[in-house]
Amino acid sequence: MKNTIKKDLQNLNKSFVKEYVKMHKYKSIANWPYAKIDDAFIWILFHPTYNKGIFTVRGLSGIKPYSFDDLFWDLFDMSSNKNEPISLRCNGAFTCPSDYVCRIERKTENFDDVYRLLNEVAQENDAEIEKYISETKEKYECIEERFLTIPDPPDNRPPDGAVLLRVLANIYFKDYKNALKIINDYPNITGGFVNQGKTIMQYCKDFCLKNRE
């Protein structure tokens, strides 16, 4: 019974994502809608689940400067990834982290409500993405500038992604001194990425030491 419901949810979500990307003129990979909007790369994940009689519909979205993946790959000795399809920036194993736009959750006991909740989650998510992009244009010269001061995540979540994004932003603007300060302020942060025995933060540090004045 539960496996049947799980399959039904997967099929329903697949159908919903297909309609969603068609309406927005986005693309998708593995049911992840994604798009390049101006100088930003956004991705969205819709995830309906079932457990103990409760259907939970979750929506998650992230945003990052499109330029940061290129910078990440150059620093990480993976420049060839820049020639791969844009979808790699969405769910590739070695891609720059994102700033989360929103996390949404809705619950119901009725399977027939799931599609409606997916639409509600999508509409709220769309509004938050639009707000994020609008605020960025209003307050910053470019989206990369916003990431100079991106805060650590709330709820005691690991700060690795936010720290790496601040480091990348400073390297993007060639402020190697401040990038090194951030790296030294978080000595235990690895960024969660390793290539040829070195973490991305070690690559960033070596690059900054080589290029600083």
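For the structure itself, consult the block above.
Here, residues in each chain are numbered from 1, in the same order as that chain's written sequence. Confidence filtering applies because this is a predicted model: local features only for residues at pLDDT of at least 70, side-chain atom pairs given and counted only at 80 or more, and all residues used for totals across whole chains, interfaces and linings. Derived side-chain values reflect all non-hydrogen atoms in the structure, with water molecules and hydrogen atoms excluded from consideration.

Chemist: Tell me what's going on with the pattern of salt bridges, and back it up with residues and numbers.
Modeler: What counts as a salt bridge is simple: a side-chain nitrogen of Lys or Arg found within 4 Å of a carboxyl oxygen of Asp or Glu. Taken as a whole and judged by the stated rule, the model has 12 salt bridges. A salt bridge links D38 to K137, with the shortest nitrogen-to-oxygen separation between them at 2.9 Å. With D38 in the loop between β2 (32-37) and β3 (40-51) and K137 in helix α4 (residues 114-139), this pair connects stretches of sequence that are 99 residues apart. Per the convention used, a helix needs a DSSP run of H or I reaching at least four residues, while a strand needs a run of E reaching at least two, with both numbered from the N terminus.

Chemist: Outline helix α8 (residues 200-211), supporting the account with residue identities and numerical values.
Modeler: Helix span is expected to be 1.5 Å times the residue number reduced by one. If you check α8, its first and last C-alpha atoms are 16 Å apart, about what 12 residues at 1.5 Å a residue would give, namely 16 Å. Throughout, exposure labels follow a simple rule: accessible area from a 1.4 Å probe, protein chains only, divided by the maximum for the residue type, with under 20% read as buried, over 50% as exposed, and the rest as partly exposed. Among the residues making up α8, those that are buried are I200, M201, Y203, C204 and C208. Seen from one end, α8 has its buried residues packed into an arc of 155°, which puts them on one side. Check the buried side of α8 and you find it contacts α2 (66-75), α6 (160-172), α7 (176-185), β6 (194-195) and β7 (198-199). In this description, one arc is meant: the one made by directions from the helix axis to the C-beta atoms. Pairs of residues are marked as contacts when any of their non-hydrogen atoms sit within 4.5 Å.

Chemist: Quick rundown of the sheet that holds strand β5 (residues 99-108)? Include the residues and the values.
Modeler: In spatial order, the strands read β1-β2-β3-β4-β5; together these 5 strands make up an open sheet with antiparallel pairing. One side of each edge strand has no neighbouring strand; the edge strands of this open sheet are β1 (27-29) and β5. The average angle at which neighbouring strand axes cross in this sheet is 20°, direction not considered. Relative to strand β4 (residues 54-65), β3 runs antiparallel, the two sharing 12 bridges. Bridged to L45 within β4 is L60. In this analysis an axis means a line fitted to C-alpha atoms, helices contributing only their contacting stretch, and an angle means the value between N-to-C directions, from 0 to 180 degrees. Packed onto the sheet, α2 meets β2, β3 and β4 and runs at close to 75° relative to β4. Note: two strands are recorded as paired if DSSP finds a minimum of 2 bridges between them.

Chemist: Could you give an account of the layout of surface pockets, with specific residues and numbers?
Modeler: Cavities and pockets were defined on a 1 Å grid built from protein atoms only: a cavity is a group of points that admits a 1.4 Å probe but offers it no way out, a pocket is an open group of points flanked by protein on both sides within 12 Å along at least five of seven lines, and a lining residue is one with an atom within 4 Å of any such point. Grid points are joined across faces, edges and corners, and a volume is the space filled by probe spheres set on the points. Quantified by volume, the largest pocket comes out at close to 590 Å³. Lining the largest pocket are 28 residues, and of these P97, S98, D99, Y100 and G161 sit closest to its centre. When residues of the lining of the largest pocket are assigned to their parent elements, the largest contribution, 5 residues, is made by β5. In terms of residue class, the lining of the largest pocket is made up of 17 nonpolar, 4 polar and 7 charged. The volume enclosed by the second largest pocket comes to roughly 280 Å³. In terms of lining residues, the second largest pocket is bounded by 14 residues, among which K6, Q10, H47, P48 and T49 are the most central. Of all the elements in the fold, those that place two or more residues in the lining of the second largest pocket are α1 (2-24) and β3. It is β3 that provides the largest number of residues to the lining of the second largest pocket, a total of 6 residues. We call Asp, Glu, Lys and Arg charged. Ala, Val, Leu, Ile, Met, Phe, Trp, Tyr, Cys and Pro are nonpolar, and the rest, Gly among them, are polar.

Chemist: I'd like a rundown of the pairing of β4, residues and numbers included.
Modeler: Counting buried positions along β4 gives 10 out of 12 residues, so the element sits mostly inside the fold. Of the strand pairs in this sheet, β4 and β5 are connected by 9 bridges, and their pairing is antiparallel. Among the inter-strand pairings, G62 is bridged to a residue of β5, identified as Y100.

Chemist: Please set out the environment of I183 residue by residue, giving values where relevant.
Modeler: Its location among the elements puts I183 in helix α7. The class for I183 is buried, based on a relative accessible area of 8%. Considered as a pair, I183 and E144 are 39 residues apart in the sequence and their alpha carbons are 18 Å apart. Setting aside residues no more than four positions away along its own chain, I183 makes contact with V167, M201, C204 and K205.

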